[in-house]
Amino acid sequence: MSQFASVAPAAPTVSAALAGALARHTAQGFARIARVNATLVTDLEQHGIGVTMVGHEVATIASADAFARATGTLAVAVTTTGPGFTNALTALAETTRARVPLIVLAADAPTTGNRPWDVDQEMLAAALGVRTLTVTPDNIDAIVDRAVDSALRTRRPVVLSVAIDVIGAPASLTDSRGIDLSDPAVIRSLSAATLPSAAAVPAAIPHPPTGVNPVERTSAVQALTVAMRPVIIAGRGAWLSGAATELGLMADALGAITATTALARGIFPAQHFDVGVVGGLGQDAAMRLISEADAVLVVGASLNSFTTAGGTLFGPHTTVVRIDVDDVPAPEADHEIVQHRLRGDASAVLRELRETLALSRPAPSGWRERVPGLEPGGALRVRDTGFVEHPTGICADGLLDPRSVATRLAELLPLDRYVATDGGSAIAWSGRYWSVASPARSIMVGSAFRAIGLGCASIAGVAAAAPGSTAVLSTGSDPGLQALDDVETAIRTAQRCVIVVWNDGSSAADFAALANALGAQGVSVTELAHLDALAAWSAAGGTGTILLDCRVSPTVPSYVPRTH
């Protein structure tokens, strides 16, 4: 017998085991580090997960959200307890409403009971519609897999809660995989194992199942078969489905004019028949053209009041065909809308619809070839630059016309760019005047919840997702002032970053001076010639961060209500 007694390997801590389980599903995290979660962050890094440190808890989730939108992959946000968790709730609400899957790893109150600064984090998350799963020493692999499955299946965030006195506890080497009867995936698996009729149901569904109502399908086919002025509008749901190719084939089959929501810009393979963004960001003549359509096929778009420009997008004789995974209501309109709903995955439903249409409609409408103004610079593409009204780009109050600034920046911004847009008027100027190469490059964290101040936090996510591209932020003076912690994070994390502040004087902040103090290049823009600093920055290599503090006039409205 050996004189050396065998020693059983020490059990890993809950933190280490949790990091190892998460590393199977994600390679990127964002954290606001504090004493209670420092061990979690360290273990994530030791297991190969890159962790970007951010300056505020709300940015942990907003950055992870932006990363997920840009890459289509899962990220983890690490928050602290009590006030740290409540700080993150606005971003959590946005991510939930935007249907972005991610994991929130939240340190929670100790198992011995709440301290004065602890709150019921599970109830707070539930109030936002977010599921919480609790990590214990004996359920780590199972609970992480369940959280990831739920996030991906429902396209929503899931909170993984771990009590602070459990983080450093030994993890059980035998994972106890309990059965969660509230989880639909578990129910499907049990049914498949016990019911012969359910044996073909897959345990994991990469895309939502297609279950189109035959009556609705027949009505939709009839409407599209006889359409003489067809239009297709694609939203972010179409992009998530990977439906770009099918959209192009359908547009060719119908002979349709195409358009997108703000979150789906660039999705159509052929842009020469595309009139751009619809709704509040739409070009006036193009929106009038869409109102003339007799049939509009809407794919993966919610058609909210902003997308429909307050109910004015569709004409009184337009039939709307909707393809969506949800049971969507009729769009907002100032008159009755005839709508046919085809529920299911966009790619699958489009393919089935196109194959059916090939039997009833042998030729496209020919309408789009007859529509004038689609050529570059044509009446359906040209935007109001403000130069007719203000030839120098300066308004009567001595401040810049934001239309002129946006037009000039569209010429100067690097082509290889991701555009992150904050809430408020910043959406109008970047959304109307700056193009993106694909929907993944348009990051609008905050728009679903109508929150401001989350745009700057998006930059860390974009920087992690595409470090070689230029991250462009469009923000206003109010949201920019709210997010000063995140300005520092953007400067620290982004290799190439352009921050445009539409400073309409609503605050007294000197953003150029603030940027210079934080180590960036700040430029006070009071005339269009000052924008040449961006050209010089690009010519010098375009590295680091340049902030353009554009002093724009509040007399130019960012949104003008549209009427038929």
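Note on numbering: residues in each chain are counted from 1, in written sequence order. Side-chain atom pairs in this predicted model are given and counted only at pLDDT of 80 or more, local residue features only at pLDDT of at least 70, and totals for whole chains, interfaces and linings cover all residues. Working from all heavy atoms in the structure, the side-chain values ignore hydrogens and water.

Student: Give me the overall build of the protein chain: which residues, what numbers.
Tutor: In this text, helices come from DSSP runs of H or I with a minimum length of four residues, and strands from runs of E with a minimum of two, each type numbered from the N-terminal end. When helices and strands are counted, the protein chain shows 21 helices and 18 strands. Our radius of gyration looks at C-alpha atoms and nothing else; its globule reference is 2.2 Å times the residue count to the power 0.38. The globule rule puts the C-alpha radius of gyration for 564 residues at 24 Å, and the 26 Å found for the protein chain is close to it. Considered along the principal axes of its C-alpha atoms, the protein chain spans approximately 90 × 65 × 45 Å. Per-residue accessibility, obtained with a 1.4 Å probe over protein chains only, is compared with the maximum for each type, and a residue is labelled buried under 20%, exposed over 50%, and partly exposed between these values. Looking at the protein chain residue by residue over its 564 residues, the buried ones come to 54%. The contact definition used throughout considers only heavy atoms, calling two residues in contact when any of these lie within 4.5 Å. At a minimum sequence separation of 6, the contacts of the protein chain that also span at least 24 residues come to 75%. In these tables, accessible area is a Shrake-Rupley quantity obtained with a 1.4 Å probe, and a residue counts as shielded only by the protein chains included in the view. Element-wise, carbon and sulfur atoms account for 57% of the exposed surface of the protein chain, whose accessible area totals about 22900 Å². Charge-centre separation for the protein chain: the mean point of 39 positive side chains lies 5 Å from the mean point of 51 negative side chains. Neither His nor the chain termini are counted; the positive set is Lys and Arg, and the negative set is Asp and Glu. Note that the charge is assigned to NZ on lysines, CZ on arginines, CG on aspartates and CD on glutamates.

Student: Describe a nonpolar patch on the surface, and please don't skip the residues or the numbers.
Tutor: Candidates for patches are residues over 30% relative accessible area with no salt bridge; among them, like charges are joined within 9 Å and nonpolar side chains (Val, Leu, Ile, Met, Phe, Trp, Tyr) within 5 Å. Between Lys or Arg on one side and Asp or Glu on the other, a salt bridge is scored when a side-chain nitrogen of the former is within 4 Å of a carboxyl oxygen of the latter. Together, L481, L484 and L514 line one region of the surface with nonpolar side chains, adding up to about 200 Å² of accessible area. Within the secondary structure, L481 sits in helix α18 (residues 477–482).

Student: Describe the sheet that holds strand β10 (residues 295–299), and please don't skip the residues or the numbers.
Tutor: A pair of strands is considered paired only if DSSP assigns at least 2 bridges between the two. Reading across from one edge, β9-β8-β7-β10-β11-β12 is the order of the 6 strands in this open sheet, with parallel pairing throughout. Bordering the open sheet on either side are β9 (274–277) and β12 (338–343), each of which pairs with just one other strand. Strand-to-strand twist in this sheet, taken as the mean axis angle between neighbours without regard to direction, amounts to 20 degrees. Against the sheet, helix α9 (residues 214–225) engages β10, β11 (319–324) and β12, with an angle of about 125 degrees to β12. A fitted line through C-alpha atoms serves as each axis, taken over the contacting stretch for helices, and the angle formed by two N-to-C directions is quoted from 0 to 180°.

Student: Got a sec to walk through the pattern of salt bridges? Specific residues and values, please.
Tutor: Pairs can form between side chains of opposite charge whenever their charged atoms are close. Enumeration over the complete set of coordinates arrives at 22 salt bridges. As a salt-bridge pair, R368 and E369 come within 3.6 Å of each other at their nearest N and O atoms. What you see here is one network of salt bridges that share partners, running through D384, E389, D401 and R403.

Student: Go over helix α17 (residues 455–465), please, and point to the residues and values.
Tutor: With 9 of its 11 residues buried, α17 lies for the most part within the structure. Taken residue by residue, α17 has G455, C456, A457, S458, I459, A460, G461, V462 and A463 as its buried positions.

Student: I'd love a proper account of the sheet that holds strand β3 (residues 76–79), names of residues and values included.
Tutor: If you walk across this open sheet you meet the 6 strands as β2-β1-β3-β4-β6-β5, and the pairing is parallel. The strands lining the two open edges of the sheet, one partner per strand, are β2 (50–53) and β5 (131–134). With direction set aside, neighbouring strand axes in the sheet form an average angle of 25 degrees. Strand direction decides the pairing type here: β5 and strand β6 (residues 158–163), joined by 4 bridges, are parallel. Bridge assignment links T132 to a residue of β6, and that residue is V159.

Student: Talk me through the pairing of strand β16 (residues 496–503); I want residue IDs and the actual numbers.
Tutor: For β16, a buried count of 7 out of 8 residues is recorded, marking the element as mostly surrounded by other parts of the structure. The sheet contact formed by strand β15 (residues 470–476) and β16 spans 6 bridges and is parallel. The partner of L473 across the bridge, within β16, is I499.

Student: Explain the confidence of the model for the protein chain to me, and be specific about the residues and the numbers.
Tutor: Averaged over all residues, the pLDDT of the protein chain is 90; the fraction at 70 or higher stands at 90%. For residues 4–8, every residue scores under 50 in pLDDT, and the model assigns this stretch 0 contacts once sequence neighbours within four places are set aside. The predictor reports its confidence for every residue as pLDDT, a score running from 0 up to 100. Low pLDDT, under 50, characterises residues 187–206; the stretch is placed with 13 contacts to residues that sit more than four places away or in other chains.

Student: With reference to specific residues and values, describe the environment of S347.
Tutor: Among the secondary structure elements, S347 is positioned in helix α13 (residues 346–360). You can call S347 buried: its relative accessible area is 7%. Spatially, the C-alpha atom of S347 lies 9.4 Å from that of V299, the residues being 48 residues apart in sequence. A distance of 3.4 Å separates a polar side-chain atom of S347 from the backbone oxygen of G242. What qualifies as a polar contact is a pair of N or O atoms within 3.5 Å, subject to a donor-acceptor requirement within protein and to the restriction that residues adjacent in sequence count only when both atoms come from side chains.

Student: Please set out the side chain of S365 residue by residue, giving values where relevant.
Tutor: By secondary structure assignment, the location of S365 is in the loop between α13 and α14 (367–370). Engagement of the side chain of S365 in a polar contact is seen with the backbone nitrogen of W367, the distance being 3.1 Å. Ignoring any residue separated from it by four or fewer positions in sequence, one finds S365 in contact with A227, M228, P230, L254, G255 and R370.

Student: For the nonpolar core, give the residues involved together with the corresponding values.
Tutor: Within the largest apolar cluster, 54 residues are counted, with the highest numbers of intra-cluster contacts made by I61, V104, V159, I443, L454 and I459. Broken down by element, the residue count for this core peaks at 9 residues, all from helix α3 (residues 57–71). Within the second largest apolar cluster, 35 residues are counted, among which are W429, Y433, M444 and L534. We define the nonpolar core as a collection of buried residues of types Ala, Val, Leu, Ile, Met, Phe, Trp, Tyr and Cys that are connected through side-chain atoms lying within 4.5 Å of one another.

Student: Which residues make up unusual backbone geometry, and what values do they have?
Tutor: Across residues other than glycine, the phi torsion is negative in most instances, and most of the peptide bonds are trans. Positive phi, close to 60 degrees, is recorded for R99, a residue that is not glycine. Position of R99 relative to the elements: it lies in the loop between α5 (89–97) and β4 (103–108). For R99, a relative accessible area of 24% gives the class partly exposed. If you check the backbone angles, R450 has positive phi at about 55 degrees while not being a glycine. With respect to the helices and strands, R450 occurs in the loop between β14 (442–443) and α17. Exposure remark for R450: the relative accessible area of 65% places this residue in the exposed category.

Student: How would you summarise helix α12 (residues 284–291) if you had to cite specific residues and measurements?
Tutor: Listing the buried residues of α12 in full gives A285, A286, M287, L289 and I290. On its buried face, α12 sits against β7 (230–234), β8 (257–260), β9 and α14. Residue Q283 occupies the N-cap position of α12, its side-chain oxygen lying 2.9 Å from the main-chain nitrogen of A285.

Student: Could you give an account of the packing of α17 against helix α19 (residues 484–493), with specific residues and numbers?
Tutor: With their axes 7 Å apart at the nearest point, α17 and α19 run at an angle of 20 degrees to one another. It follows from the interaxial angle that α17 and α19 lie roughly parallel. Note on packing geometry: the crossing formed by α17 with α19 is left-handed. For the pair α17 and α19, the contacting residues are C456, A457, I459, A460 and A463 in the first and D486, V487, T489, A490 and T493 in the second. Charged residues are taken to be Asp, Glu, Lys and Arg, nonpolar residues to be Ala, Val, Leu, Ile, Met, Phe, Trp, Tyr, Cys and Pro, and polar residues to be all remaining types, Gly included. Along the lines of polarity and charge, the residues of the contact of α17 with α19 split into 7 nonpolar, 2 polar and 1 charged. Each angle is binned into one of four classes, with values under 35 degrees roughly parallel, values over 145 roughly antiparallel, values of 65 to 115 roughly perpendicular, and all other values oblique. With the far helix as reference, a near helix turned anticlockwise by less than a right angle produces a left-handed crossing, and one turned clockwise produces a right-handed crossing.

Student: Account for the packing of aromatic side chains, with residues named and values stated.
Tutor: Aromatic pairing here means that ring centres of Phe, Tyr or Trp (its six-membered ring) are within 6.5 Å. Orientation follows from the plane angle: under 30 degrees is stacked, over 60 is edge-to-face, and everything else is tilted. A full pass over the atoms with the stated rule returns 3 aromatic pairs. Both rings, one in W434 and one in W502, keep their centres 6.1 Å apart while their planes meet at 35 degrees; by these two values the pair is tilted. Of this pair, W434 sits in the loop between α16 (426–433) and β14 while W502 sits in strand β16, and the two are 68 residues apart along the sequence. You can call W502 buried: its relative accessible area is 1%. Among the aromatic residues, those joined into a cluster by ring pairs are W429, W434 and W502.

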